[in-house]
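Topology and contacts: notes
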Amino acid sequence: MRFTELEFSAITKIVIAVINADGRVEENEVRCMAKEALRFGFNDNDIENFITEANTMETSQAIAVIDSFDDERKKYVCAYLGTIMAVDGNLSDKEVALWRLVSSMCRLPEMSIKESITYISSMQ
């Protein structure tokens, strides 16, 4: 599975929104974001660029980009969002509501938090 820089920036846009949904940004959430970018061969400079591009990208553009993904990449995005919510050990209602909204708008598969974590953990 591969992502272009634009695609990963779109994912980052949504991930940042989920991270911010509970009003707190935890260090382990930031580390998780970095780990996921590194998984796909991006480096530290790329990560900074994704965050910069995500901050300027319209949410509607990010949703459209993710909605255009094939089923495998949609499954990854759903699992990544579920995992990023759980990584700080505190699931807020706002995070879950945003995950559900994004999942609906992007036609992501349904997945539990446990399934998300298992999927992300099993990736090579």
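This write-up is about the structure you can find in this document. (Residues numbered from 1 in each chain as written. Predicted model: local features only at pLDDT ≥ 70, side-chain atom pairs only at ≥ 80, totals over all residues. Heavy atoms only, no water.)

**Here we look at the packing of aromatic side chains**
Keep this limit in mind: For Phe, Tyr and Trp, rings pair up if their centres lie within 6.5 Å, where Trp contributes its six-membered ring, and each pair is then called stacked (planes under 30 degrees apart), edge-to-face (over 60) or tilted (otherwise). Think of it in three bands: residues with accessible area under 20% of the maximum for their type are buried, residues over 50% are exposed, and the middle band is partly exposed, with areas taken using a 1.4 Å probe on protein chains only. By definition, any uninterrupted DSSP run of H or I lasting at least four residues is a helix, any uninterrupted run of E lasting at least two residues is a strand, and each is numbered from the N terminus.
Applying the stated criterion across every chain, the model contains 10 aromatic pairs. Look at Phe3 and Phe8: their rings are 6.0 Å apart centre to centre, the planes differ by 65°, and that puts the pair in the edge-to-face class. Take Phe3 and Phe8: they sit in the same class, and that class is buried. Plain terms: the ring middles of Phe8 and Phe50 are 5.2 Å apart, the flat faces sit at 50° to each other, and that makes the pair tilted. Of this pair, Phe8 sits in helix α1 (residues 5–21) while Phe50 sits in helix α3 (residues 44–56), and the two are 42 residues apart along the sequence. Residue Phe8 shares its accessibility class with Phe50, and that shared class is buried. Three or more aromatic residues joined by ring pairs make a cluster, and in this case those are Phe3, Phe8, Phe40, Phe42, Phe50, Phe69, Tyr76 and Tyr80.

**Comments concerning the packing of helix α5 (residues 71–86) against helix α7 (residues 113–122)**
Where we set the bar: Every axis in this analysis is a line fitted to C-alpha atoms, fitted for helices over the stretch in contact. Angles between the N-to-C directions lie between 0 and 180 degrees. We call two directions roughly parallel when the angle between them is under 35 degrees, roughly antiparallel when it is over 145, roughly perpendicular when it lies between 65 and 115, and oblique otherwise. Less than a right angle of anticlockwise turn of the near helix away from the far helix marks a crossing as left-handed, whereas a clockwise turn marks it as right-handed. A contact between two residues is defined here by any heavy atoms of the two lying within 4.5 Å. As a working rule, the residues Ala, Val, Leu, Ile, Met, Phe, Trp, Tyr, Cys and Pro are called nonpolar, Asp, Glu, Lys and Arg charged, and the rest polar, with Gly in that last group.
Contact geometry of α5 with α7 gives a least axis separation of 8 Å together with a crossing angle of 110°. One finds that α5 runs roughly perpendicular with respect to α7. For the crossing formed where α5 meets α7, the hand is left-handed. Residues Glu72, Lys75, Tyr76, Cys78, Ala79, Tyr80, Gly82, Thr83, Met85 and Ala86 of α5 form the contact with α7, whose participating residues are Ile113, Ser116, Ile117, Tyr119 and Ile120. Of the residues assigned to the contact of α5 with α7, the class counts are 10 nonpolar, three polar and two charged.

**With respect to helix α4 (residues 59–67)**
Note the following rule: Read the arc as the range of directions from the helix axis to the C-beta atoms.
Of the positions making up α4, those classed as buried are Ala62, Ile63, Val65 and Ile66. The buried residues of α4 occupy one face: seen down the axis, they fall within an arc of 165°. Against the buried residues of α4 lie α1, α5 and α6 (93–106).

**Considering α7**
Regarding α7, the residues found buried are Ile113, Ser116, Tyr119 and Ile120. The buried residues of α7 occupy an angular sector of 125° when projected down its axis, which confines them to one face. Turned more than 90 degrees away from the buried face of α7 sit Lys114 and Ser121, all of them exposed. The inward-facing, buried residues of α7 contact α2 (27–39), α5 and α6.

**Let's talk about the state of the cysteines**
How we decide: We call a pair of cysteine sulfur atoms a disulfide when they lie within 2.5 Å.
Under the counting rule described, the total for this entry stands at zero disulfides. Here Cys32 is not cross-linked by a disulfide; its sulfur's nearest cysteine counterpart is in Cys78, at 14 Å. Given the relative accessible area of 11%, Cys32 is considered buried. The thiol of Cys78 is not disulfide-bonded; the next cysteine sulfur, from Cys106, is found 10.0 Å away. Classification of Cys78 as buried rests on a relative accessible area of 1%.

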